[in-house]
Structure formats: structure tokens, C-alpha cells
Amino acid sequence: MKTKNIFCAIRIFILALAAAAAVACRHAQPVYVDVDGEMLGTFLHVTAQTDRPASEIYDLMMRIDAEAKSSMSIFDEASLLNRINRNQTDSIDRHIAFNLELAGRVHDVSDGAYDVTVKPLVEAYGFAAKDRTKNPNIDSIMEFVGFDKVRVENGRLIKSDPRVQLDFNSIAKGYVVDMAADALEQMGIENYIVDIGGEVRCRGQRAKGGPWRVGVDGNQSPGAYVQQVISLSDCAFATSGNYRRYYIDDEGRKVAHTIDPRTGRSAVSDLLSATVVAPTCAEADAFGTMFMALGKDKAIEKARILEKQGILVYFITSGADGAFEVYYSEALASTLKRKEGFHAI
């Protein structure tokens, strides 16, 4: 009788432990790690659900950073891109090949307003770590600017003029965000956000559940205040704007660092910033620059067409009396924290 009671007690104890474990599992929070550092000369932030240590993810990000800089940096004199620009080699790697192909597609969509051969113009205007030329000879520079002056054959870049130079600053950071996101997914990570200098790609959900939340800066100093919050998952996000890099022209207007390659002139526009949500961050980055070069009216026109391809926008423009106006893709409406007084396009 005593033996039976002992086995009965053990059974009850085991069942109690199982029930407690089940309750604990239901209430256990998934483990998310945070990684912060510097990448591409700006800040890096990664949040990911994983049992891997943060140090492993950080090391992975640093390897990607080194690989990207050695390929595409215009600030590293030894990079492959700079050697191509100096005509020391014509061989391209997979990174340059991919970005050239995407740049060509965006160039075609933009009717020429987006062009990665603008480097000589960018330098003339003082936006590529170069001193600004007071009176640049734009007509002369335009002789070796134009996407039709480059092509790829058998892994080599062919230039129609040796003075042609490439600048991937309008696309490379987004591409590196994609590299980082792809690397996390190859590790089996399904819930994450990667943020490099404000360009973002995310997947799954955040630790508290629900989509990731990304802020859109108002047109003041970067980070001074968040003008909008967008809830996102399984997509990418990038913002281009003239509030980060500009100067005042002779007529007292802000001149964006974005160059219109069709005219060779620094773009002056009522479009203050263009936030793009796209399947990849490279696309979001490139299309954001394209919209800034087009200006408000043309950008809105193109955005209506591109919405069918999953390219969504959030534009901040300069309205009457200096007031801001906002235009956004209708498909983005459900993700916006606030919409009152804004315009769906």
C-alpha cells in the first residue's frame, strides 16, 4: 500500500513539473540580441532573434564592412572602384556588377535622372570630400557623364571615354544593408532588423510582437525629431534628403547634394526628402536618389507607376509659406502612425 502511494506521489509530482514547464514555455520571451557599432563610416544597429552571441554577429558585420569598402568605396584609394576610375583595371567583381545592373534599371525608369557616372559633377560641386569649384565648367564635364558611356563585357567594364568615373554612394549603402540581412538569413535568423546609417531592412517581428517600427526624420538636423513612424516587416527602407547635405545658392535656396545628370546642375526642388519602402534596400536607396533628382511633380508621377512594382513612397515637400506637405503611396497608408492632413497619391 505504501509503495502504491509513493508511485502515485511521484506521478503527481512529475505531472506538476510538466504543467509548470508548459506554463513557463508559454510565457517565455524569445531571445533577441542587439549589436551596435560603426559600418561604412556611420552607425550600425542590428536586433535579431537568435541564440548566437552578439559578438558573432558583430564580427560578421565587420567582415561585410571590409569586403564592401574594398570593392565600392570612393573614399578608400585602394578600392576596386577607385582603381577602375583611375583606369588601373577594368575587371569588376560581383558587387560592382550587381550595382551597375540595378543602376541601369533605375536609370531607364528615371528617364536619365538617375546616373552613377555623376562622380565628376559631384566632385565639382564639393559633395565628394572635394573642395567646391566656384565656377565649374559644366559643359566640359558633361562630355564624360552618362550611363550610355559604360557597359560590361565578360566581367570587364568598358568605357567610351577614359575620363568616365563611377560613384555608387546612391546605392552601395543600401546594397550593404542587403548583404548584412542576407547573411543573417543564411544563419537561419527569421526575425531581425538591420540599420546602417538610417537605411533599414527588416523581417518578421520585433521582440514585443508585431512589425518593426522605423522613424522618418523631419527636415531638420538628422534625428532632431521623428516626423513619422512606419510599421514594416519583410521589406527595406531608405530616405534621401537635402537636409543632410546642402548649401545655399546665390538666390538663397537650398541646393541638394543630388545632381541631375541630364543638366549637370545641382538639383533645386520643392521635394525635401524621399523615403522609399521597397523589397530590397539597394532599390530603396537608388529610387530615393532618383526621386530627389526628379523633383516633386515628376517624383509623384513616377511613384504612381512604381507602386505597382512594390516601390512605395513617403515624400516631404515644401509648401506655401514654408509649411511642410506630405505625399504618400496609398498602399503605405495602413503602416503610417499618422495621416491627417497628408495626401495619398
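See the structure above.
Right, let's walk through the structure included here. A quick note: this is a predicted structure, and the numbers were derived from the prediction, not measured.

## Description of the overall build of the protein
So, step 1. Of the regular secondary structure elements, the protein holds 9 helices and 17 strands.
So, step 2. Every one of the 345 residues in the protein was classed for burial, and the buried ones make up 50%.
So, step 3. For the protein, the proportion of contacts with a sequence separation of at least 24, taken over those separated by at least 6, is 57%.
So, step 4. Here the protein displays about 17200 Å² of accessible surface, and carbon together with sulfur accounts for 50% of that area.

## With respect to the sheet that holds strand S9 (residues 235-241)
So, step 1. Pairing is mixed across the open sheet formed by 9 strands, whose spatial order is S1-S2-S5-S6-S9-S14-S15-S16-S17. Looking at which strands have only one partner, the edges of the open sheet turn out to be strand S1 (32-39) and strand S17 (343-344).
So, step 2. Both S9 and strand S14 (residues 271-278) contribute to a ladder of 6 bridges, which runs antiparallel. Residue pairing in the sheet places Ser240 in a bridge with Ala274 of S14.

## Re the pattern of salt bridges
So, step 1. Considering all chains together, one arrives at 18 salt bridges under this definition.
So, step 2. Between Arg52 and Glu56 there is a salt bridge; the shortest N-O distance is 2.6 Å.
So, step 3. Among the residues examined, Arg52 registers a relative accessible area of 30% and is labelled partly exposed.
So, step 4. What makes Glu56 partly exposed here is its relative accessible area of 31%.
So, step 5. For the salt bridge of Glu77 with Arg86, the shortest nitrogen-to-oxygen distance reads 3.0 Å.
So, step 6. It is possible to trace a salt-bridge network through shared partners that takes in Asp178, Asp182, Glu185, Arg201 and Arg203.

## Focus: the nonpolar core
So, step 1. By size, the foremost hydrophobic cluster in this structure holds 83 residues, and its most contacted members are Met61, Phe168, Phe291 and Phe315.
So, step 2. A total of 10 residues in this core trace back to one element, the largest contributor, which is helix H8 (residues 281-294).
So, step 3. Discounting residues that sit within four places of it in the chain, Met61 has contacts with Met39, Leu44, Val46, Ala180 and Leu184.
So, step 4. Counting 21 residues, the second largest nonpolar core, distinct from the first, contains Tyr32, Leu232, Leu332 and Ala333.

## Details of the packing of helix H4 (residues 94-109) against H8
So, step 1. With their axes 10 Å apart at the nearest point, H4 and H8 run at an angle of 35° to one another. Pair H4 / H8 crosses with right-handed handedness. Facing Leu102, Val106 and Val109 of H4, the residues of H8 in contact are Ala282, Glu283, Ala286, Phe287 and Met290.
So, step 2. Residues belonging to the contact of H4 with H8 are distributed by class as follows: 7 nonpolar, no polar and 1 charged.

Calculation criteria
- Here the residue index of a chain counts from 1 through its sequence in written order.
- Totals for whole chains, interfaces and linings use every residue, but because this is a predicted model, local features are given only for residues with pLDDT of at least 70 and side-chain atom pairs only at 80 or more, for both listing and counting.
- Excluded from the side-chain calculations are hydrogens and water; all other atoms, namely the structure's heavy atoms, are used.
- Runs of H or I in DSSP of at least four residues are treated as helices and runs of E of at least two as strands, each being numbered from the N terminus.
- Any residue under 20% of the maximum accessible area for its type is buried, any over 50% is exposed, and the rest in between are partly exposed; the area is computed with a 1.4 Å probe on protein chains only.
- Note on contacts: a residue pair qualifies if any of its non-hydrogen atoms lie within 4.5 Å across the two residues.
- The method behind every accessible area is Shrake-Rupley, applied with a 1.4 Å probe, and residues are considered shielded solely by the protein chains displayed.
- In this scheme, strands are said to pair when DSSP sees at least two bridges between them.
- Whenever Lys or Arg places a side-chain nitrogen within 4 Å of a carboxyl oxygen from Asp or Glu, that contact is recorded as a salt bridge.
- Here the nonpolar core consists of buried residues drawn from Ala, Val, Leu, Ile, Met, Phe, Trp, Tyr and Cys, with membership extended through side-chain atoms lying within 4.5 Å.
- Axis lines are fitted through C-alpha atoms, for helices just across the contact stretch, and the angle between N-to-C directions can take any value from 0 to 180 degrees.
- Handedness of a helix crossing follows the sense of rotation of the near helix relative to the far helix, less than a right angle counterclockwise being left-handed and clockwise being right-handed.
- The residue classification treats Ala, Val, Leu, Ile, Met, Phe, Trp, Tyr, Cys and Pro as nonpolar and Asp, Glu, Lys and Arg as charged. All others, Gly included, are polar.

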